[in-house]
Amino acid sequence: MIKMKDVKKTYPNGVQALNGITIDIDLGEFVYLVGQSGAGKSTFIKIIFGDEKASAGDVKVAGHDLVNMKRKEIPMLRRDIGVVFQDFKLLPTMTVYENVAFALEVVEETPKNIRKRVMEVLDQVGLKNKARFIPDELSGGEQQRVAIARAIANYPKLLIADEPTGNLDPDTSWEIMKILEEINAAGTTIIMATHSKEIVNTIKRRVIAIDGGIIVRDQHRGDYGYES
Ligand SMILES: Nc1ncnc2c1ncn2[C@@H]1O[C@H](COP(=O)(O)OP(=O)(O)OP(=O)(O)O)[C@@H](O)[C@H]1O
């Protein structure tokens with residue numbers, strides 16, 4: 001699903017955020033990405049969904065060659081990847097329904113299929129009854145569930161979550177984790193950057209630790225390994 005070889009990233013200001021990352025992540029895996037602030041987690045994630053380009057090395061994601069990819073090909077890559085952020089990034093003037101439908105309209109799904117699929121994913125995240133609400137009328141956990149529904153609406157092979165529970169209280173965080181586990185159990189590969197020691201040490205999965213732009217640990221059913 002993801003194959004990186006000696007990937008480096010130097011930002012225009014000279015910061016070397018990634019210093020030689022080599023990694024294989026298989027279809028269906030659930031991977032935590034851990035590391036201190038500034039370690040390079042977000043940069044790693046941005047390279048995977050084509051938000052930043054590697055300065056050197058090879059990057060293959062869901063069959064796409066990201067190094068030789070042209071900008072106009074990025075939408076094709078994004079069809080295979082759903083992304084969820086710490087701050088939800090919902091469109092504030094649109095309803096829950098419209099936020100999710102939007103993700104399907106841009107890939108030119110038919111109106112009939114959009115209606116069916118939006119209600120299906122809202123049901124999956126337990127928010128069918130809030131379809132007409134706007135984001136401001138929802139709790140943080142509910143907003144994150146809408147963001148997850150939007151991210152999976154187009155059946156992505158890969159779901160990337162950059163600190164999805166970072167703004168949520170512990171109970172709500174466990175609800176979000178339950179949903180992510182269900183999505184993974186249905187076959188979607190998940191990569192989740194997190195600072196939550198409790199989550200990583202409780203729901204045991206592969207742990208990739210990044211420090212100073214390199215992978216310092218890659219452990220099957222690993223621990224968080226830092227003080228939170
Ligand atoms: N757009 C950018 N331009 C220049 N430097 C950047 C940019 N984005 C990140 N950096 C730098 O690259 C390094 C890695 O940052 P990155 O955001 O990948 O870390 P992180 O592990 O995700 O941190 P956090 O846990 O705080 O989100 C840091 O030194 C950061 O300042």
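Summarised in this report is the structure supplied together with it. (Residues numbered from 1 in each chain as written. Predicted model: local features only at pLDDT ≥ 70, side-chain atom pairs only at ≥ 80, totals over all residues. Heavy atoms only, no water.)

Turning our eyes to something else, we now look at the environment of alanine 39. Tracing the backbone through its elements, the reader meets alanine 39 in the loop between β3 (30-34) and α1 (41-48). When neighbours within four sequence positions are excluded, alanine 39 is seen to be in contact with Ala17, Ile210, Asp211, Gly212 and Gly213. (Helix = DSSP H or I, 4+ residues; strand = E, 2+ residues; numbered from the N terminus. Contact = heavy atoms within 4.5 Å.)

Our focus in this paragraph is the site of the ligand. As a matter of local geometry, the ligand sits amid 14 residues, with Ser37, Gly38, Lys41, Ser42 and Thr43 nearest to it. With respect to the ligand, the side chain of tyrosine 11 contributes an N or O atom lying 3.5 Å from a nitrogen atom. One of the side-chain N or O atoms of serine 37 is found 2.5 Å from an oxygen atom in the ligand. In isolation the ligand offers 640 Å² of accessible surface; the protein chains occlude 66% of this area. For the shell around the ligand, the element with the most residues is α1, which contributes three residues. Within the shell around the ligand, the residues separate by chemical class into four nonpolar, eight polar and two charged. (Near = heavy atom within 4 Å. Polar contact = N/O pair within 3.5 Å; in protein donor to acceptor, adjacent residues only side chain to side chain. Areas by Shrake-Rupley, 256 points an atom, 1.4 Å probe, with all protein chains shown as cover. Nonpolar A, V, L, I, M, F, W, Y, C, P; charged D, E, K, R; others polar.)

Structurally, the position occupied by arginine 206 is in strand β9 (residues 206-211). Polar contacts involving the side chain of arginine 206 include one to the main-chain carbonyl oxygen of aspartate 24, which spans 3.0 Å. A polar side-chain atom of arginine 206 sits 2.8 Å from a polar atom in the side chain of aspartate 218. In this view, arginine 206 contacts Ile23, Asp24, Ile25, Glu29, Phe30, Val31, Tyr32, Asp218, Gln219, His220 and Arg221; residues no more than four positions away in its chain are not counted.

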